[in-house]
Amino acid sequence: MTVKQRYEEAKKKYAALGVDTDAVMKKMEDVKISMHVWQGDDVKGFLSDAELSGGISVTGNYPGAARTPEELRSDLEQAYAMIPGNHKLNLHAIYLDTEEQVDLNEIEPKHFEKWVSWAKEQGLGLDFNPTFFSHPMYKDGFTLASADKEVRDFWIEHGKRSRKVAEYFGKELGQVCVNNFWVPDGFKDNPIDRLAPRKRLMESLDEIFSEKLDENYTLDAVESKLFGIGAEAYTVGSHEFYMGYGLTRNKLVCLDAGHFHPTEVISNKLSSLSLFSEGILLHVSRPIRWDSDHVVIMDDELQEIGRELVRNDLLPMTNIGLDFFDATINRVAAWVIGTRNTQKAILKAMLEPIESLKEIELSGDFTTRLAMIEELKDFPFADVWNYYCESKGVPVGLDWLPQIKEYEQGILGKREASTGKDSCRFS
């Protein structure tokens, strides 16, 4: 049977439950995933050659990491060609593309003009992140919450300039740019004073956000973390801090799937947050033990996130971004796997007879609810996904993998040849 024929059979099965698969695929066109640029070069960026610091660490030495903005954009184009739909790219400030020697407190929109021109050509939106790590002014584990005013002032200026860059993205591309703030500030061992650093962080953020920018162009978001490398005992920007800050300052609250205790999940937080916030930012990641930011797979939590977004009609208010980095495998393949899986989870959730299930639940018929949910697990979701990919002109199933292998052998391998390393790991 062809992909189309399998889809037609699946369409009948879902129709028997009251699900219109054609309408579902139409809805998927509105789902934009903000793919993160930093998977392509292990979060090095182009500001300096300094080692990663501030709770950030990437392991592995798989050949072919991008070394220039041009190489990175080439890799991104290859990844997007394997992913159905029109999406966004999430840039960190360290990925500026300029011949000028500028520091983080000096960045301007002009330093990202090449990225904007490329995004226009590719039909992509851009999101942004100020970079509060891997810099000499990240001192003693602190940036915006530092007791040193000189340190705080440096990072406050960086935050202000980042907002201007984000505003520029939104104006140029006609898509709102989400600008996400995460800082690694904290202590390795137990502090005496937990309050003062949080007060300084609050005041620093208030100063950064003091200028009102047009929300048609850019939205600010704030992101918490349980702990980071070098901040194992105390993180200034905890979940409670940023939940309070975001809701009282009208900022998006970012929920990162890996930034909580290993027994916590963000899927169960979405409905609560939606009641009090005008918008949500997701960083879809896969923690193993803790925030190790593994490539997103179709695990239970990813599917539960998809269900919560769809069942509660939260997609219109939710900005979906990815945040993982793995240097032990082909970096382009990692993008493709993680992005397609995130899309799959949302599509699968859309294929549920949600209104019927809600009515069954409200009537107290939990037996039927359980029976239907379990039966849906055997429904031909993959046949709908494959047809969605085919209809969007991207590879079906694993057909994308040979193309990535060819790209590695022809492009990525040449990068390693110039360094004397093995040119390819795909057999």
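Because the structure is a prediction, the values reported are computed rather than measured. (Residues numbered from 1 in each chain as written. Predicted model: local features only at pLDDT ≥ 70, side-chain atom pairs only at ≥ 80, totals over all residues. Heavy atoms only, no water.)

### Considering the packing of helix 3 (residues 69–80) against helix 10 (residues 331–350)
Here helix 3 crosses helix 10 at 40°, and the two axes come no closer than 9 Å. By the angle class used here, helix 3 and helix 10 are oblique. By crossing handedness, the relation of helix 3 to helix 10 is classed as right-handed. Judged by residue contacts, Leu-72, Asp-75, Leu-76, Gln-78 and Ala-79 of helix 3 engage Val-332, Trp-335 and Val-336 from helix 10. Considered class by class, the residues forming the contact of helix 3 with helix 10 number six nonpolar, one polar and one charged. (Axes fitted to C-alpha atoms, helices over the stretch in contact; angles between N-to-C directions. Helix = DSSP H or I, 4+ residues; strand = E, 2+ residues; numbered from the N terminus. Parallel < 35°, antiparallel > 145°, perpendicular 65-115°, else oblique. Left-handed = near helix turned anticlockwise from the far one by under 90°. Contact = heavy atoms within 4.5 Å. Nonpolar A, V, L, I, M, F, W, Y, C, P; charged D, E, K, R; others polar.)

### With respect to the confidence of the model for the chain
Here the chain averages 94 in pLDDT, and 96% of its residues register 70 or above. Here residues 419–427 is a poorly scored stretch, pLDDT under 50, and it has 20 contacts once near neighbours within four places are set aside; other chains count. (pLDDT = per-residue confidence, 0-100.)

### Comments concerning the UniProt feature "binding site: Mn(2+)" (unreviewed entry) in the chain
Following the UniProt record, the feature "binding site: Mn(2+)" (unreviewed entry) maps to His-259, Asp-291 and Asp-293 here. For the annotated residues, spread through 35 residues, the largest C-alpha to C-alpha distance comes to 9.3 Å, consistent with a single compact locus. When you line up the elements, His-259 lands in the loop between strand 8 (252–256) and helix 8 (267–276). The exposure class assigned to His-259 is buried, which follows from its relative accessible area of 4%. Look past the residues within four positions of His-259 in its chain and what remains in contact with it is Trp-182, Glu-223, Ser-224, Lys-225, Leu-226 and Asp-291. At a separation of 3.3 Å, a polar atom in the side chain of His-259 contacts the side chain of Glu-223. Ignoring sequence-local partners within four residues, the contact set of Asp-293 consists of Asp-256, Ser-285, Arg-286, Asp-323, Phe-324 and Phe-325. Looking at Asp-293, its side chain comes within polar contact range of the side chain of Ser-285, at 2.8 Å. (UniProt positions renumbered as here; feature names shortened; annotations may be inferred. Buried < 20%, exposed > 50% of the residue type's maximum accessible area, 1.4 Å probe, protein only. Polar contact = N/O pair within 3.5 Å; in protein donor to acceptor, adjacent residues only side chain to side chain.)

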